[in-house]
2 protein chains.
Amino acid sequence: MPVPVGPEALVPRLRAICGDAGVLTDPAQRRTYESDGLTYHAELPGVVVLPTSTAQVAAVVRLCAEEGVPFVPRGAGTGLSAGALPRSDGVLVVTSRMRRILEVDVEARCAVVQPGVANLDVTRAAAPHGYYYAPDPSSQQVCSVGGNIAENSGGAHCLKYGFTVNHVLGLEIVTPAGDVVRLGGKVAEAPGYDLIGAFIGSEGTLGIATEITVRLLRAPERVRTLLAAFPTMDAGGRAVSAVIAAGVLPAAIEMMDALAIEAAEAAVACHYPKGAGAVLIVELDGPAADVDAQFAAVTALCREAGATELRTATDAAERARIWKGRKSAFAAVGRISPSYIVQDGVVPRTALPEVLRRIADLSAESGIRVANVFHAGDGNLHPLVLFDDAEPGAAERAAEVSGAILDLCVEHGGSITGEHGVGVDKACHMPDMFSPADLATMDLFRRAIDPAGIANPEKLLPTPRLCGEPPGVRTDVHPLVASGEAELF
Amino acid sequence: MPVPVGPEALVPRLRAICGDAGVLTDPAQRRTYESDGLTYHAELPGVVVLPTSTAQVAAVVRLCAEEGVPFVPRGAGTGLSAGALPRSDGVLVVTSRMRRILEVDVEARCAVVQPGVANLDVTRAAAPHGYYYAPDPSSQQVCSVGGNIAENSGGAHCLKYGFTVNHVLGLEIVTPAGDVVRLGGKVAEAPGYDLIGAFIGSEGTLGIATEITVRLLRAPERVRTLLAAFPTMDAGGRAVSAVIAAGVLPAAIEMMDALAIEAAEAAVACHYPKGAGAVLIVELDGPAADVDAQFAAVTALCREAGATELRTATDAAERARIWKGRKSAFAAVGRISPSYIVQDGVVPRTALPEVLRRIADLSAESGIRVANVFHAGDGNLHPLVLFDDAEPGAAERAAEVSGAILDLCVEHGGSITGEHGVGVDKACHMPDMFSPADLATMDLFRRAIDPAGIANPEKLLPTPRLCGEPPGVRTDVHPLVASGEAELF
């Protein structure tokens, strides 16, 4: 192990690799990168580099490995779990200058892109051929495909189409040693360990993806979107259950409660039905005949469940109007609350009614308002916990409510994150969900690929410095929060 | 590291774990397990154990770890790459007594099963609820779900539905240290490293799956099957390209050449059209309206490509008649040749015509007949290389032709195996397909999970003992075939 040096000592060699324009040392420039989308975690990066090729990324990482300097990968910086939080003792590797679409291979139904390419630009490149790229996080206009890989991003349509991991055929990665390794490729059936799945969602802890081969899907023949208003969340929930029980698999089922509707109305005047206790957006896509038949069934099921108003969209403009309120919901909350926390948790779909009632109780008991916006089809909740920074103690109470919602998710067999990732923000919650043996197995894998511990340290898995020793963790077998030893077996 | 003992030294302790009936030491009994479906690799296992629970599997593996004795997992023994080849110095862990279906959860659309459950039994349990389990290897009546996990098995319908890895939500595994670890579960969105993908297809080298949660799919509303006869393979290939280019995604597209048709006729009198140079089986499934529309399109495209005869099936009996010849093709070859090798390779679909022509050339040059049966939709070839054991040198020439076909697959950007796995049989071919850095990364992962090297040694990745030093492999960086050192970085 080399004696670690400060990142500033690497600057001349980083300039030799990335050029003068590719290395930022000025504090004002570095400050631009001090956080990702979760702004309450911030730290000034030691040095920022902006490589333009795989060879530059590999050379930068190899230098970090030689000198024992940590590195943090960053895409567009839209992450919501501080997964790209920089380190003052480290190098921030930003992929924003690697934004070429290298190939759209219609015959093989895939595209090959660099990591800095914006998510939506993949679909823009494929659309003239009648194809698209399915994962669609709300930030898809700006978020990068490389960042989507790091976080295994989803989107409104992952009920039917799955997550990023379901749409990546191949990766070229730079390992934490600076080696260039290929995982998978255009042909699906490769033998050996399928490490693509393990790399996707690894939040930069296993290296940096430098070239990504994604699957393209045929654009559906028809898309139909329904907005249904219900008097209560329970009635909306019944409609969701009825649709799924009928064997219909919509592309998306989104739900918003009264407070979220109020916020969206205040922000973008989306004109959702007035006085509704809940709205549901159901989108169907596929072959025309099939979509039309299912659409009729869904409409009938919503009526039976007590829908008070139904609106349908058949063209892109009408669709956009229906989605406008939903897509603006997070930002819109700023209109009705000075501050808020966006939580991200998952419960089994069958536990949704119970968990929503418990969230309402938590809100009533604490006096902290909670607006609910969520992917109802797959139980991915995004509660918005509202508070006023100016009110003493409000931020703490909001954080408590937000944490209690995560506990509810785990208690009901769900997950501490659906699509925003773990990062720094939730690393200490990992032992709530995983046993010491589960976490130790993950750590074995991490240490095998990154023995020096320089790839985005302190993200994803709990560490003693971040989390202390969480209650209930057996320190004798859990190296992550205990001794730091790699020897487990 | 313990000094390794022989497996016979473990027998009393194995009996204490699995009971007397769960430990086989008699040579005649052990001989039943001396090979899997690839019978030309055989070795008498040191001891055979038949555990009935996760706790027994964990205790057996822990004992092996303590004593440094290798273990080999085995399901139903239908594998075709000697992945379950026993070792005389090791313990064979057979899962055939762990065959309970623990749960069919219709609401969550999944089933939880033990590893010894036969593939088809999952569908049998789900069928009364209107659901099924998609992966369908030809051996599905007997092959086990645990074995399917080990080999990432596919089947005729993986063009549309993917492989085993696309249908497993959660695993309970026993690691090579004997720890019980959970990967994933009913809720899809789990954070941390997604090691399910890496475990599936790991051929027993990362441990033993003891409980498996699989996704269930809704049984399709309609299934239609078409048999189309063509004068030549080229004409059949044109039909395949036309179907895919039209944006149709059939559940299956299977192709057989004249020699395979002749064999099937001789064995099961399937009455495929006489004199055809190729037959194509195209199956469509999904919503009725959609299937009917697409079926009309496929029929028209086959006619345009030169089909001389078209037969359609709409009910289960007619479907079975069409599939009969295809499903019996491998065994049927015994009717026209004393011996044969079933090869398994993949080429990108677009390279199929070229590769088929090259296979025909190889056959003509060597005088070795090759029958072609394959999943045309995803380019997964199963050439049957025919020879007569009694003829001196024929077996060697057949093996050469079979190996040359694999080389063709790699040369065209394909894979050395589509669904039969690597096992012992193809471990030495891995360097044809992967770079030293790719293989070294896999080996790092393997050694992290199995530092003692006791989990199915010498399967999947090349070793010096098996392969020597393959040409073109840099021995200075490739620990798998060179020094055996784990230190790479």
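If you're wondering where the values come from, they're calculated on a predicted model, not measured in any experiment.

Caption draft 1: Main features of the overall build of chain A. When its secondary structure is counted, chain A shows 17 helices and 19 strands. Relative to a compact globule of 489 residues, whose C-alpha radius of gyration would be 23 Å, chain A shows 23 Å and is just as compact. Along the first, second and third principal axes, the C-alpha set of chain A runs to 70 × 55 × 45 Å. A burial count over chain A gives 60% of its 489 residues as buried. Taking the contacts inside chain A whose residues are at least 6 apart along the sequence as the reference set, 71% of them involve residues at least 24 apart. Looking at chain A as shown, the accessible area adds up to about 17900 Å², and 52% of this sits on carbon and sulfur atoms.

Caption draft 2: How the structure looks around helix α4 (residues 119–126) of chain B. Residue and element names in this part refer to chain B. Within α4, burial applies to Asn-119, Leu-120, Val-122, Thr-123 and Ala-126. Down the axis of α4, the smallest arc covering the buried residues is 150°, so these residues share one side. Buried-residue contacts for α4 involve β5 (101–105), β6 (110–113), β7 (131–132), α5 (145–151) and β10 (208–215).

Caption draft 3: Quick look at the pattern of salt bridges. This structure, assessed with the given rule, holds 42 salt bridges over all chains. A salt bridge links Glu458(A) to Arg465(A); the nearest nitrogen and oxygen atoms lie 2.5 Å apart. Accessibility expressed as a relative area gives 16% for Glu458(A), which makes it buried. With a relative accessible area of 68%, Arg465(A) lands in the exposed category. As a salt-bridge pair, Asp443(B) and Arg447(B) come within 2.3 Å of each other at their nearest N and O atoms. Of this pair, Asp443(B) and Arg447(B) are both found in helix α16 (residues 436–449), four residues apart, which corresponds to roughly one turn of the helix. Exposure remark for Asp443(B): the relative accessible area of 5% places this residue in the buried category. Among the charged side chains, a network of salt bridges with common partners joins Arg87(A), Asp89(A), Glu458(A) and Arg465(A).

Caption draft 4: Focus on the interface of chain B and chain A. Opposite the 62 residues of chain B that make contact, chain A presents 62 residues. If you look at where chain B meets chain A, you find 10 residue pairs in polar contact (both at pLDDT 80 or more). Where the side of chain B that touches chain A is concerned, the elements lending two or more residues are β9 (180–184), α7 (196–199), α8 (233–245), α10 (288–304), α15 (430–433) and α16 of chain B. Looking at the side of chain B that touches chain A, the element that brings in the most residues is α16(B), giving nine residues.

Caption draft 5: Quick peek at the relation of the copies chain B and chain A. Turning chain B through 180° and shifting it by 0.0 Å along the axis lays it on chain A, with an RMSD of 0.0 Å. As the rotation angle and translation indicate, the two copies are arranged about a two-fold axis.

Caption draft 6: Structural context of the pairing of strand β12 (residues 222–230) of chain A. Residues and elements named next belong to chain A. Burial analysis of β12 places seven of its nine residues in the buried class, the great majority of the element. Bridge count between β12 and strand β14 (residues 278–286): nine bridges; the pairing is antiparallel. The partner of Ala-229 across the bridge, within β14, is Val-279. In terms of strand pairing, β12 meets strand β15 (residues 309–313) through five bridges, oriented antiparallel. In the strand pairing of β15, Thr-225 is matched with Ala-313.

Caption draft 7: Region of the structure containing the side chain of Ser339(B). Residue and element names in this part refer to chain B. Counting through the fold element by element, Ser-339 comes out in strand β16 (residues 339–342). Its relative accessible area of 11% is what places Ser-339 among the buried residues. A polar contact is formed between the side chain of Ser-339 and the side chain of Asp-389, at a distance of 3.3 Å. Contact partners of Ser-339, with chain neighbours within four places excluded, come to Val-385, Leu-386, Phe-387 and Asp-389.

Caption draft 8: Region of interest: the state of the cysteines. Taken as a whole and judged by the stated rule, the model has two disulfides over all chains. Residue pairing for Cys428(B): its cysteine sulfur links by disulfide to Cys467(B), the two sulfurs lying 2.2 Å apart. Looking down the S-S bond of the Cys428(B) and Cys467(B) bridge, the torsion is -85°, so its handedness is left-handed. Taken together, the residues Cys428(B) in the loop between α14 (394–411) and α15 and Cys467(B) in helix α17 (residues 464–467) connect sequence positions 39 residues apart. Judged by its relative accessible area of 18%, Cys467(B) falls in the buried class. No disulfide involves Cys158(A); its sulfur sits 13 Å from the nearest other cysteine sulfur, which is in Cys143(A). In this structure Cys158(A) comes out as buried when scored by relative accessible area, which is 6%. Counting only cysteine sulfurs, Cys158(A) is the nearest neighbor of Cys110(B), a cysteine outside any disulfide, at a range of 18 Å.

Caption draft 9: Summary view of the packing of aromatic side chains. In this structure the tally under the stated criterion is five aromatic pairs over all chains. Measuring from ring centre to ring centre gives 5.4 Å for Phe445(A) and Tyr193(B), while their planes differ by 90°; the resulting arrangement is edge-to-face. Of the two residues, Phe445(A) is situated in helix α16 (residues 436–449) and Tyr193(B) in the loop between β9 and α7; the pairing between them involves two chains. The same class applies to Phe445(A) and to Tyr193(B), which are both buried. Look at Phe445(A) and you get buried, because its relative accessible area is 2%. Taken together, Tyr193(A), Phe445(A), Tyr193(B) and Phe445(B) form an aromatic cluster joined through their ring pairs. Sitting over the ring of Phe295(B), Arg224(B) keeps its end group 4.2 Å from the ring centre.

Rules of the game
Residues numbered from 1 in each chain as written. Chains lettered and ligands numbered in written order. Predicted model: local features only at pLDDT ≥ 70, side-chain atom pairs only at ≥ 80, totals over all residues. Heavy atoms only, no water. Helix = DSSP H or I, 4+ residues; strand = E, 2+ residues; numbered from the N terminus. Rg over C-alpha atoms; globule rule 2.2 N^0.38 Å. Buried < 20%, exposed > 50% of the residue type's maximum accessible area, 1.4 Å probe, protein only. Contact = heavy atoms within 4.5 Å. Areas by Shrake-Rupley, 256 points an atom, 1.4 Å probe, with all protein chains shown as cover. Arc of directions from axis to C-beta. Salt bridge = Lys/Arg side-chain N within 4 Å of Asp/Glu carboxyl O. Polar contact = N/O pair within 3.5 Å; in protein donor to acceptor, adjacent residues only side chain to side chain. Least-squares fit on C-alpha atoms with pLDDT ≥ 70 in both. Pairing = 2+ DSSP bridges. Disulfide = S-S within 2.5 Å. Phe/Tyr/Trp six-rings, centres within 6.5 Å; stacked < 30°, edge-to-face > 60°. Lys NZ or Arg CZ within 6 Å of the ring centre and 35° of its normal.

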